[in-house]
Amino acid sequence: MIKIIRCPSCGEEIVLKDLYEGMEITCSLCGYTIVYQNGKLHIMETNEEFELEELASSNKDETEKELEEEELEGDYEDYYDY
Ligand SMILES: [Zn+2]
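To start, this report covers the structure provided alongside it.

**Quick look at the pairing of strand β5 (residues 40-43)**
Alright, step 1. By the bridge criterion, four bridges tie strand β4 (residues 33-37) to β5 in an arrangement that is antiparallel. Note on β5: the bridge partner recorded for Y36 is L41.
Alright, step 2. Remark: two residues form the turn of the hairpin made by β4 and β5, two consecutive strands paired antiparallel; N38 in that turn has positive phi of roughly 55°.
Alright, step 3. Of the pairings in the sheet, the one linking β5 to strand β6 (residues 48-51) comprises four bridges and is antiparallel in character. Bridging from a neighbouring strand, K40 pairs with E51 of β6.

What follows is the structure in C-alpha coordinates.
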(Lines give C-alpha, C1' and ligand atoms only; values in the text may rest on other atoms or scores of the structure.)
Protein backbone atom coordinates (compact mmCIF):
# COMPACT_ATOMS: atom_id res chain seq x y z
CA MET A 1 0.00 0.00 0.00
CA ILE A 2 1.41 3.37 -0.98
CA LYS A 3 1.00 6.17 1.52
CA ILE A 4 1.86 9.82 1.02
CA ILE A 5 2.90 11.95 3.98
CA ARG A 6 4.07 15.51 4.23
CA CYS A 7 7.36 16.39 5.87
CA PRO A 8 6.58 18.22 9.15
CA SER A 9 9.53 20.54 8.51
CA CYS A 10 9.18 21.69 4.91
CA GLY A 11 5.88 20.20 3.75
CA GLU A 12 7.50 18.16 0.99
CA GLU A 13 5.45 15.17 -0.10
CA ILE A 14 7.13 11.89 0.76
CA VAL A 15 5.84 8.72 -0.88
CA LEU A 16 5.99 5.65 1.33
CA LYS A 17 5.99 2.55 -0.80
CA ASP A 18 6.47 0.41 2.27
CA LEU A 19 5.86 0.81 5.98
CA TYR A 20 7.40 -1.36 8.65
CA GLU A 21 8.67 -1.05 12.19
CA GLY A 22 11.99 0.77 12.36
CA MET A 23 11.78 2.06 8.81
CA GLU A 24 13.82 5.19 8.16
CA ILE A 25 12.43 7.85 5.86
CA THR A 26 14.58 10.76 4.73
CA CYS A 27 13.05 13.91 3.32
CA SER A 28 14.69 14.63 -0.01
CA LEU A 29 14.21 18.37 0.41
CA CYS A 30 15.32 19.25 3.96
CA GLY A 31 17.03 16.00 4.93
CA TYR A 32 14.93 15.30 8.01
CA THR A 33 15.06 11.69 9.15
CA ILE A 34 11.74 10.19 10.15
CA VAL A 35 11.62 6.77 11.79
CA TYR A 36 8.44 4.72 11.91
CA GLN A 37 8.24 3.13 15.33
CA ASN A 38 5.46 2.04 17.69
CA GLY A 39 2.95 2.94 14.99
CA LYS A 40 4.10 6.56 14.99
CA LEU A 41 6.44 8.71 12.94
CA HIS A 42 9.35 9.86 15.06
CA ILE A 43 11.32 12.87 13.83
CA MET A 44 14.97 12.29 14.74
CA GLU A 45 15.99 15.95 14.50
CA THR A 46 13.35 17.31 16.86
CA ASN A 47 12.32 14.20 18.85
CA GLU A 48 8.73 14.93 17.88
CA GLU A 49 6.22 12.18 17.26
CA PHE A 50 3.33 12.30 14.85
CA GLU A 51 0.49 9.96 14.08
CA LEU A 52 0.57 8.69 10.51
CA GLU A 53 -2.77 10.39 9.90
CA GLU A 54 -1.41 13.75 11.08
CA LEU A 55 1.21 13.82 8.36
CA ALA A 56 -0.79 12.01 5.72
CA SER A 57 -1.24 14.13 2.63
CA SER A 58 -4.90 14.91 2.18
CA ASN A 59 -6.19 15.46 -1.32
CA LYS A 60 -9.38 16.89 0.15
CA ASP A 61 -7.62 20.05 1.35
CA GLU A 62 -6.18 20.70 -2.08
CA THR A 63 -9.58 20.36 -3.68
CA GLU A 64 -11.04 22.86 -1.21
CA LYS A 65 -8.23 25.32 -1.95
CA GLU A 66 -8.89 25.06 -5.68
CA LEU A 67 -12.55 25.80 -5.11
CA GLU A 68 -11.67 28.89 -3.05
CA GLU A 69 -9.41 30.16 -5.84
CA GLU A 70 -12.21 29.72 -8.34
CA GLU A 71 -14.49 31.83 -6.18
CA LEU A 72 -11.85 34.59 -6.03
CA GLU A 73 -11.54 34.57 -9.80
CA GLY A 74 -15.30 35.06 -9.96
CA ASP A 75 -14.98 38.19 -7.83
CA TYR A 76 -12.32 39.63 -10.13
CA GLU A 77 -14.62 39.17 -13.11
CA ASP A 78 -17.09 41.52 -11.46
CA TYR A 79 -14.48 44.30 -11.34
CA TYR A 80 -13.96 44.16 -15.08
CA ASP A 81 -17.69 44.10 -15.80
CA TYR A 82 -18.14 47.67 -16.99
ZN1 LIG B 1 11.45 18.11 4.58
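That covers the picture; the talk isn't over yet.
**Points about unusual backbone geometry**
Alright, step 1. Phi angles above zero are rare outside glycine, and N38 is one such case at about 55°.
Alright, step 2. Locating N38 in the fold gives a position in the loop between β4 and β5.
Alright, step 3. C-beta crowding within 10 Å serves as the criterion here: with 9 such atoms nearby, N38 is assigned to the exposed category.

**Digging into the environment of R6**
Alright, step 1. Looking at the element boundaries, R6 is found in strand β1 (residues 3-6).
Alright, step 2. Considered as a pair, R6 and S58 are 52 residues apart in the sequence and their alpha carbons are 9.2 Å apart.
Alright, step 3. Setting aside residues no more than four positions away along its own chain, R6 makes contact with G11, E12, E13, L55 and S57.

Cut-offs used in this document
- Residues numbered from 1 in each chain as written.
- Predicted model: local features only at pLDDT ≥ 70, side-chain atom pairs only at ≥ 80, totals over all residues.
- Pairing = 2+ DSSP bridges.
- Helix = DSSP H or I, 4+ residues; strand = E, 2+ residues; numbered from the N terminus.
- Buried ≥ 20, exposed ≤ 12 C-beta atoms within 10 Å, placed from the backbone.
- Contact = placed C-beta atoms within 7 Å.

Don't take any of this as a statement about function, it's just geometry.
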